[in-house]
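Next come the chains, spelled out residue by residue.
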Amino acid sequence: RPEEDAVSLDEFLKSLKPVPSPYLVKGKLSKAAERGQQVFKKADCSACHTGPYLTKMKLHDVGTGLGSEVGRKYDTPTLIEIWRSAPYLHDGRAATIKDVLTRHNPDDEHGETSQLTDKEINDLVEYVLSL
């Protein structure tokens, strides 16, 4: 394809604006999501999900590789509009964000979540789905 096609496509993609999350309450974070925002910091999620796009746009090994994929680094996705992109992880094995944070987070490599209470996990899920 000609270079101008790529430039036009880039400009179109840059023009797209995220759709507000249906988890917002009148356009704002719910009380649970506000608490979850603090848990996001506590769990060190912002080590990888940071900046205006909530991603460092780098590859990380978050301990989710299986078999020959163990130790493999994966793209850190943006969390913006994550509510609309289930299933999660590189292979879709996590049906929910809660699964990502609990069932598929060995050794706290994908956020420090093993010591969080159920309430903190649920608040964190509410926050992430509000982005």
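This text follows the structure it describes.
Being a predicted model, the structure only gives us computed values, none of them experimental. (Residues numbered from 1 in each chain as written. Predicted model: local features only at pLDDT ≥ 70, side-chain atom pairs only at ≥ 80, totals over all residues. Heavy atoms only, no water.)

Right, let's get into the nonpolar core. Here is a general trend for soluble globular proteins: nonpolar side chains tend to be buried in one another's company. The biggest cluster of nonpolar side chains holds 21 residues, and the ones touching the most others in it are Phe 40, Leu 79, Tyr 88, Ile 97, Leu 124 and Val 128. Those elements that place two or more of their residues in this core are helix H2 (31-42), helix H3 (97-101) and helix H4 (118-130). Residue contributions to this core peak at six residues, all from H4. In contact with Leu 79, not counting residues within four places along its chain, are Phe 40, His 49, Tyr 53, Leu 54, Val 128 and Leu 131. (Core = buried A, V, L, I, M, F, W, Y, C linked by side-chain atoms within 4.5 Å. Buried < 20%, exposed > 50% of the residue type's maximum accessible area, 1.4 Å probe, protein only. Helix = DSSP H or I, 4+ residues; strand = E, 2+ residues; numbered from the N terminus. Contact = heavy atoms within 4.5 Å.)

The next thing to look at is the packing of aromatic side chains. Enumeration over the complete set of coordinates arrives at one aromatic pair. Aromatic pair Phe 40 and Tyr 127: ring centres 5.3 Å apart, planes at 70°, arrangement edge-to-face. Of this pair, Phe 40 sits in helix H2 while Tyr 127 sits in helix H4, and the two are 87 residues apart along the sequence. The exposure classification of Phe 40 matches that of Tyr 127, with both residues buried. (Phe/Tyr/Trp six-rings, centres within 6.5 Å; stacked < 30°, edge-to-face > 60°.)

In this model, H4 (13 residues) spans 18 Å end to end at C-alpha, consistent with the 18 Å of a helix rising 1.5 Å per residue. By the burial criterion, the buried members of H4 are Glu 120, Ile 121, Asp 123, Leu 124, Val 125, Tyr 127, Val 128, Leu 129 and Ser 130. (Expected span 1.5 Å × (residues − 1).)

So, about unusual backbone geometry. Of note, the bond from Ala 86 into Pro 87 is cis; its omega dihedral lies within 30 degrees of zero at 0°. Among the structural elements, Pro 87 can be located in the loop between strand E2 (74-75) and H3. The residue Leu 54 is not glycine, and still its phi comes out positive at about 50°. Structurally, Leu 54 can be placed in the loop between H2 and strand E1 (59-60).

Along the chain, Glu 3 falls in helix H1 (residues 3-15). With 112 residues separating them in the primary sequence, Glu 3 and Gln 115 have C-alpha atoms 50 Å apart.

Another aspect to go through is a nonpolar patch on the surface. Residues Leu 9, Phe 12, Leu 13 and Leu 16 make up a contiguous nonpolar surface patch of about 400 Å² in total accessible area. Accessibility expressed as a relative area gives 48% for Phe 12, which makes it partly exposed. (Patch = residues over 30% accessible without salt bridge, like charges linked within 9 Å, V, L, I, M, F, W, Y side chains within 5 Å. Areas by Shrake-Rupley, 256 points an atom, 1.4 Å probe, with all protein chains shown as cover. Salt bridge = Lys/Arg side-chain N within 4 Å of Asp/Glu carboxyl O.)

That is the geometry; function is a separate question.
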